[in-house]
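Listed below are the residues making up each chain.
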Amino acid sequence: MSRRVLILAHTGREESLKAAWEACALLYGSGLIPVMQETELGDMVRFFGQLDHPVEVLHDHVQLPDVELVMVLGGDGTILRAAELVREVDVPMLGVNLGHVGFLAESERADLAQTVEWVASREYTVEERMTIDVQVWVRGQKIWHTWALNEAAIEKANRERMLEVVTEVDERPLTSFGCDGVVLATPTGSTAYAFSAGGPVVWPEVEALVIVPISAHALFAKPLVVSPRSRLAVEILNRTDAQGVLWCDGRRSVDLPPGARVEVTRSATPVRLARTHQTPFSGRLVRKFQLPIQGWRGPMPQAETIHTGPIPIIRTPRPMPPLPSPRDAEPGDTPDSSPDPSTGK
């Protein structure tokens, strides 16, 4: 049975076009069938000329459920765009970073040939990342419904006007404050917008939701980590006429008038990411953020491998009684007048 790999690239960048060209050639040389979207394939052909190998066109020659894997060439923004395409068909994505940090990407541009080799030999695993369901209500009417892999970010629409909001967890109000916005994030999104706003880094395997206020004018407006079964909500208060805007993954937005209510819950549909490395998340943090780790000595050896001798016992001699001071001696006593221990005289 033929194995097909869909290549998604940011074809507005020359580096991305070159990477897509190379990926198609490597996939074809490994016995796989490269697939591209019609517009992106057209951009590549206009840039390089006619291809030396066949490339199938998505929706013309093959449908998305028939694709084994989606190889995304670009930064986190390109991967988030790809997630919109593949989330509903349960196809995993493998990111090749062409951007800056590329936290969602699995490999770097220099490792493209090795990545294709791993894909061809099926040396990859698939992990599921939690997503959130986002609803917007205005005057009791639901006006918008979407989802997000990273975060739902409520921001002020006007630079000069602060938002007045109240946060809610499990249908109970928590606190109200003025702010520039509030980020409602997944563990995957904890290293994105929420991290930049001062939120905690949450390991991907931790099932939780994160609330991070942005520049809040309040004493109790700290980042919170809550249960994934909780229902989060943020309401735009009517104290002022300040408008807000909701951005989901920085790609989809809707205006929030005063009185609007944003509700966030865990979505039943995750996003699947392909992994070729078994590097723990801590290693990914160190590599992506270039964290200093000088002085690290590693874990202590196991107790059964340590060979020690008996613990030495040091005996402390008993202290000698103090000698009498000169004022304690009787008249006529001299140092030589003490009795002889052998004769008692």
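Report on the accompanying structure.

Reading the values: the criteria
- Residues numbered from 1 in each chain as written.
- Predicted model: local features only at pLDDT ≥ 70, side-chain atom pairs only at ≥ 80, totals over all residues.
- Heavy atoms only, no water.
- Pairing = 2+ DSSP bridges.
- Helix = DSSP H or I, 4+ residues; strand = E, 2+ residues; numbered from the N terminus.
- Axes fitted to C-alpha atoms, helices over the stretch in contact; angles between N-to-C directions.
- Salt bridge = Lys/Arg side-chain N within 4 Å of Asp/Glu carboxyl O.
- Buried < 20%, exposed > 50% of the residue type's maximum accessible area, 1.4 Å probe, protein only.
- Contact = heavy atoms within 4.5 Å.

Notes on the sheet that holds strand β15 (residues 224-226)
Reading across from one edge, β15-β14-β13-β10-β17-β18 is the order of the six strands in this open sheet, with antiparallel pairing throughout. Each edge of the open sheet is held by one strand with a lone partner, namely β15 and β18 (252-256). Put simply, the sheet's adjacent strands are angled 15 degrees from each other on average, direction ignored. Summarising the sheet, strand β14 (residues 209-214) and β15 pair through three bridges and their orientation is antiparallel. Bridging from a neighbouring strand, L209 pairs with V226 of β15.

Observations regarding the sheet that holds strand β19 (residues 261-266)
On the basis of which strands lie adjacent, the open sheet formed by six strands has the order β9-β8-β19-β16-β11-β12 and antiparallel pairing. Strands with a single pairing partner mark the edges of an open sheet, and in this sheet they are β9 (141-148) and β12 (172-179). The average angle at which neighbouring strand axes cross in this sheet is 20 degrees, direction not considered. The pairing of strand β16 (residues 232-236) with β19 spans four bridges and is antiparallel.

A few points about the pattern of salt bridges
Within the structure shown, the criterion is met by 24 salt bridges. Between E168 and R261 there is a salt bridge, and its shortest N-O distance comes to 2.6 Å. Highlighted residues: E168 in strand β11 (residues 163-169) and R261 in strand β19, separated in sequence by 93 residues. By relative accessible area, E168 is classed as buried at 13%. With a shortest N-O distance of 2.7 Å, R261 and E263 are connected by a salt bridge. E263 carries the same exposure label as R261, and that label is buried. Overlapping salt bridges bring together E106, E127, R129, R275 and R284 as one network.

Things to note about the side chain of T11
Structurally, the position occupied by T11 is in the loop between β1 (4-9) and α1 (14-29). On the basis of relative accessibility, which here comes to 17%, the residue T11 falls in the buried class. In this structure, T11 is in contact with S16, L17, E40 and D43, ignoring residues within four places of it in sequence.

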